[in-house]
Amino acid sequence: MVYDRRIGYYELFNIHKSCNVIELESLVIKPFSYINLAFVNFGADYKLLDEYGDVVDRMSFLKFTNTGLRINIAIGG
């Protein structure tokens, strides 16, 4: 059985680095079918905490131009 999945990995804390920051809108998404967002956390009310600005929302918007893309969140990496 052959699976045609290409999974990318993006660390959310990357956005706060002082150098070599890769903005989400600059990523080459075409080769990927999945993007895993690492280090997402939840609050005491079990709602998603976006501790890194609007990064999760910005990644979700990439689905409009990449219709087959699936965004996954990874709790704690």
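Only a predicted model underlies this, so the values are computations on that prediction, with no experimental measurement involved.

J.: Mind showing me how you'd approach the packing of aromatic side chains here?
T.: Each aromatic ring pair is specified by the distance between its two centres and by the angle formed by the two planes. Within the structure shown, the criterion is met by one aromatic pair. Relative to F64, the ring of F61 has its centre 5.9 Å away and its plane inclined at 25°; by these criteria the two rings are stacked. When sorted by exposure, F61 lands in the same class as F64, which is exposed.

J.: I tried to follow the pattern of salt bridges on my own but got confused; where do I start?
T.: Opposite charge on two side chains allows them to pair when their charged atoms are near. Tallying each qualifying case throughout the model produces two salt bridges. A salt bridge links E25 to R58; the shortest N-O distance between them is 2.6 Å. One end of the pair, E25, is in the loop between β1 (7-11) and β2 (34-42); the other, R58, is in helix α1 (residues 55-61), with 33 residues separating them in the sequence. Looking at R58, the relative accessible area reads 16%, which means it is buried. The shortest N-O distance in the salt bridge between R58 and D54 comes to 3.9 Å.

J.: I keep staring at the side chain of S33 and nothing clicks. Help me out?
T.: Residue placement: S33 occurs in the loop between β1 and β2. Ignoring sequence-local partners within four residues, the contact set of S33 consists of D4, R5, R6, G68, L69 and R70.

J.: Help me understand the nonpolar core in this model?
T.: The tendency in soluble globular proteins is for nonpolar side chains to be buried as a group. Formed by 15 residues in total, the largest nonpolar core has its most connected members in Y10, L12, I35, L37, V55 and M59. Those elements that provide at least two residues to this core are β2 and α1. With residues near it in sequence (within four places) discarded, M59 still touches Y10, L24, L27, I35, L37 and I71.

J.: How do you make sense of the confidence of the model for the protein chain when you look at a structure like this?
T.: One rule of thumb: low pLDDT means the predicted coordinates there are not for detailed reading. With 97% of its residues at a pLDDT of at least 70, the protein chain reaches an overall mean of 83. When pLDDT is averaged over each helix and strand of the protein chain, the minimum, 78, is found for strand β3 (residues 48-49) and the maximum, 89, for β1.

J.: Mind showing me how you'd approach the pairing of β1 here?
T.: In summary, the side chains of a regular strand alternate between the two faces of the sheet. The two faces of β1 differ: G8 and Y10 on one face are buried, but I7, Y9 and E11 on the other face are not. In the sheet, β1 pairs with β2 via five bridges, with the strands oriented parallel. Bridging across to β2, E11 finds its partner in A38.

J.: How should I be thinking about a nonpolar patch on the surface in this particular structure?
T.: A cluster of nonpolar residues, F42, L48, I73 and I75, forms a patch on the protein surface that exposes about 350 Å² of accessible area. In this structure, I73 sits in strand β4 (residues 70-75).

Calculation rules
Residues numbered from 1 in each chain as written. Predicted model: local features only at pLDDT ≥ 70, side-chain atom pairs only at ≥ 80, totals over all residues. Heavy atoms only, no water. Phe/Tyr/Trp six-rings, centres within 6.5 Å; stacked < 30°, edge-to-face > 60°. Buried < 20%, exposed > 50% of the residue type's maximum accessible area, 1.4 Å probe, protein only. Salt bridge = Lys/Arg side-chain N within 4 Å of Asp/Glu carboxyl O. Helix = DSSP H or I, 4+ residues; strand = E, 2+ residues; numbered from the N terminus. Contact = heavy atoms within 4.5 Å. Core = buried A, V, L, I, M, F, W, Y, C linked by side-chain atoms within 4.5 Å. pLDDT = per-residue confidence, 0-100. Pairing = 2+ DSSP bridges. Patch = residues over 30% accessible without salt bridge, like charges linked within 9 Å, V, L, I, M, F, W, Y side chains within 5 Å. Areas by Shrake-Rupley, 256 points an atom, 1.4 Å probe, with all protein chains shown as cover.

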